[in-house]
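Each chain is listed here by its residues.
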Amino acid sequence: MRYQSPHANAVFDQPRTAVLLVNLGTPDAPTPAALRRYLKEFLWDPRVVEIPRLPWWLILNLLVLRLRPKRSAAAYRTVWTERGSPLLFHTQDQCDRLREALQAQYPQLEVAFAMRYGSPSLPQELDRLQAAGVDKLIVLPLYPQYSGSTTGSVVDALGAHFRRRRWVPSLHVVGEYHRHPAYIEALAEQVEQYWARHGRGDRLVFSFHGVPERYATAGDPYPVQCHATAALLAARLGLAEDAWQTTFQSRFGKAKWLTPYTDQTMKALPGQGVKHVQLFCPGFSADCLETLEEIAVENRGYFIEAGGERFEYISALNAEPRHINMMAAVLAAPLADWADRSHS
Ligand SMILES: C=CC1=C(C)c2cc3[nH]c(cc4nc(cc5[nH]c(cc1n2)c(C)c5CCC(=O)O)C(CCC(=O)O)=C4C)c(C)c3C=C
Ligand SMILES: [Fe+2]
Ligand SMILES: [Fe+2]
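Just so you know, these numbers come straight off a predicted model, no measurement behind them.

**Student:** So what exactly am I meant to see when it comes to the site of ligand 1 here?
**Tutor:** In the vicinity of ligand 1, 27 residues are found, and the nearest of them are T26, R68, S72, Y76 and L289. Here an oxygen atom of ligand 1 and a side-chain polar atom of R68 are 2.6 Å apart. Coverage of ligand 1 by the protein amounts to 95% of the 820 Å² it exposes when considered alone. Class assignment of the residues belonging to the shell around ligand 1 gives a composition of 17 nonpolar, eight polar and two charged.

Below you can see the structure in the form of C-alpha cells.
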C-alpha cells in the first residue's frame with residue numbers, strides 16, 4: 001500500500017474544521033451516455049444492489065445498462081434546468097446558505113458538499129479540504145433516515161478513500177436525524193405553509209424512497225425510522241388517523257420492496273373516497289427526479305386516471321431557511337466540540 005498525502009507534509013499552524021454535506025448524486029447531463037456512467041457507478045455499489053457480483057455484473061452490463069439509460073435520460077430531460085440537475089443545484093444552494101449561516105459563528109469553518117456517485121466526487125472534495133488544512137471533518141449525509149444503501153455507503157466511501165491516505169482527519173459522521181426535533185419542526189412548517197396557501201386535502205401521504213424488503217428483514221433500520229418520522233410529523237400536525245398514511249416509492253427490479261407502494265396507493269385511493277390527495281416526501285432533502293417526475297408527474301397520472309380529482313405535491317425542504325436552520329441544529333453538538341469560534 002502506498003499512502004498518499006494531499007497536503008505535501010505541511011504543518012498547519014491553523015488546523016481547521018470542515019462540514020461536508022453528502023447527497024446521492026446525479027448524472028452530469030440528461031443523456032444516455034451520462035446516465036450510463038452514473039448508473040454504472042451507482043448500481044455497482046454492493047450496498048445498493050446486494051446481488052452476488054458475477055450474476056449482477058452480467059445483468060447490469062447486458063441488460064440494465066443497455067435499456068435503462070435511454071429511459072432514465074428521457075425522464076431526467078423533463079426535470080433538467082438551466083442550472084442542471086435539480087438535486088445538484090439544490091445541494092449547491094444548501095451548501096452556500098449553510099456556509100453563510102455557520103461562518104457567522106465559526107469564521108474559520110469550511111463548508112462543502114460532495115456526491116456519493118458522480119460529481120463533485122467525494123474523493124475530490126476530501127482531498128481539496130485536506131489540502132486546505134482541514135484536520136477535523138464533520139460529514140452530514142443528507143439522508144434523514146439511516147439505510148445501509150445510502151448512509152452506510154457514504155461511510156464505505158470515506159473508508160475507501162482514507163485507507164489510501166497517510167493523514168486521516170478526526171471524523172464525525174451524522175448517521176441519521178430522523179426524529180430530531182428541528183427536522184420534524186422544519187417538515188411540519190413546510191406542510192403548514194403549503195396549507196396556508198392552498199388549503200388541506202382529504203389525505204396527506206408521506207412517500208419515502210423504498211428499499212428491497214430483504215434489507216429491512218436483515219436488520220436495516222430504514223423503514224422503522226421512516227415510520228417514526230411520519231408518526232412524529234403527523235402528531236405535530238395534529239392529523240387524525242385517517243388523514244394521513246405512509247407509502248414507499250421508486251421500486252427497482254423484480255424483488256419485493258417496502259410496502260405499501262406509492263403507485264398502487266395512488267391507484268386505489270380514489271376508489272376509497274379520497275379525491276384530493278397531497279403528497280409529501282420527508283426523506284428527500286432536495287427535490288430530484290424521484291419527486292419532480294416520479295411523484296409530481298407519474299403518480300399524479302395514476303391518481304387522476306383512477307378517478308382522483310386533485311393531486312398536489314408539497315416541495316422538499318431544499319434550500320429553505322427552515323432547512324438550513326435544521327442542518328445547523330443537527331450540527332450544533334459536533335461543531336461545539338470541534339470548531340474554533342475565534343477570529344484570529
Ligand atoms: C437499485 C436499488 C436502489 C436502492 C436500494 C435505492 C435506495 C435509495 N435511493 C435514495 C435516494 C435517491 N435515489 C435516486 C435515484 C435512483 N435510485 C435508484 C435505485 C435505488 N435506490 C435508481 C436506479 C435511481 C436513478 C434514477 C432512475 O434511473 O430512475 C435519487 C434521485 C437522483 C437524481 O438525480 O434526481 C435519490 C435522491 C434513497 C434515500 C434510498 C434508500 C433509502
Ligand atoms: Fe434511489
Ligand atoms: Fe424513480
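**Student:** Explain the pattern of salt bridges to me, please; I cannot follow it from the model alone.
**Tutor:** Pairing between side chains becomes possible if they bear opposite charge and their charged atoms approach one another. All told, the structure shown has 15 salt bridges when counted by the stated rule. The shortest N-O distance in the salt bridge between E50 and R214 comes to 3.8 Å. Within this pair, whereas E50 is found in the loop between α1 (32–43) and α2 (53–79), its partner R214 is found in helix α7 (residues 213–217), the two being separated by 164 residues in sequence. By relative accessible area, which is 39% here, E50 ends up partly exposed.

**Student:** So what exactly am I meant to see when it comes to the packing of aromatic side chains here?
**Tutor:** Two descriptors summarise a pair of aromatic rings, namely the distance from one centre to the other and the angle between the planes of the rings. Inspection of the entire model under this criterion finds seven aromatic pairs. Consider the rings of F42 and Y117, whose centres lie 4.8 Å apart with planes at 35°: the pair is tilted. A residue pair is termed long-range when its members are at least 10 positions apart, and F42 in helix α1 and Y117 in strand β2 (residues 110–117) qualify at 75 residues. When sorted by exposure, F42 lands in the same class as Y117, which is buried. The interplanar angle of 35° and the centroid separation of 6.2 Å between the aromatic rings of F208 and F248 together place this pair among those described as tilted. One end of the pair, F208, is in strand β5 (residues 203–209); the other, F248, is in strand β6 (residues 244–249), with 40 residues separating them in the sequence.

What counts and how
Residues numbered from 1 in each chain as written. Chains lettered and ligands numbered in written order. Predicted model: local features only at pLDDT ≥ 70, side-chain atom pairs only at ≥ 80, totals over all residues. Heavy atoms only, no water. Near = heavy atom within 4 Å. Polar contact = N/O pair within 3.5 Å; in protein donor to acceptor, adjacent residues only side chain to side chain. Areas by Shrake-Rupley, 256 points an atom, 1.4 Å probe, with all protein chains shown as cover. Nonpolar A, V, L, I, M, F, W, Y, C, P; charged D, E, K, R; others polar. Salt bridge = Lys/Arg side-chain N within 4 Å of Asp/Glu carboxyl O. Helix = DSSP H or I, 4+ residues; strand = E, 2+ residues; numbered from the N terminus. Buried < 20%, exposed > 50% of the residue type's maximum accessible area, 1.4 Å probe, protein only. Phe/Tyr/Trp six-rings, centres within 6.5 Å; stacked < 30°, edge-to-face > 60°.

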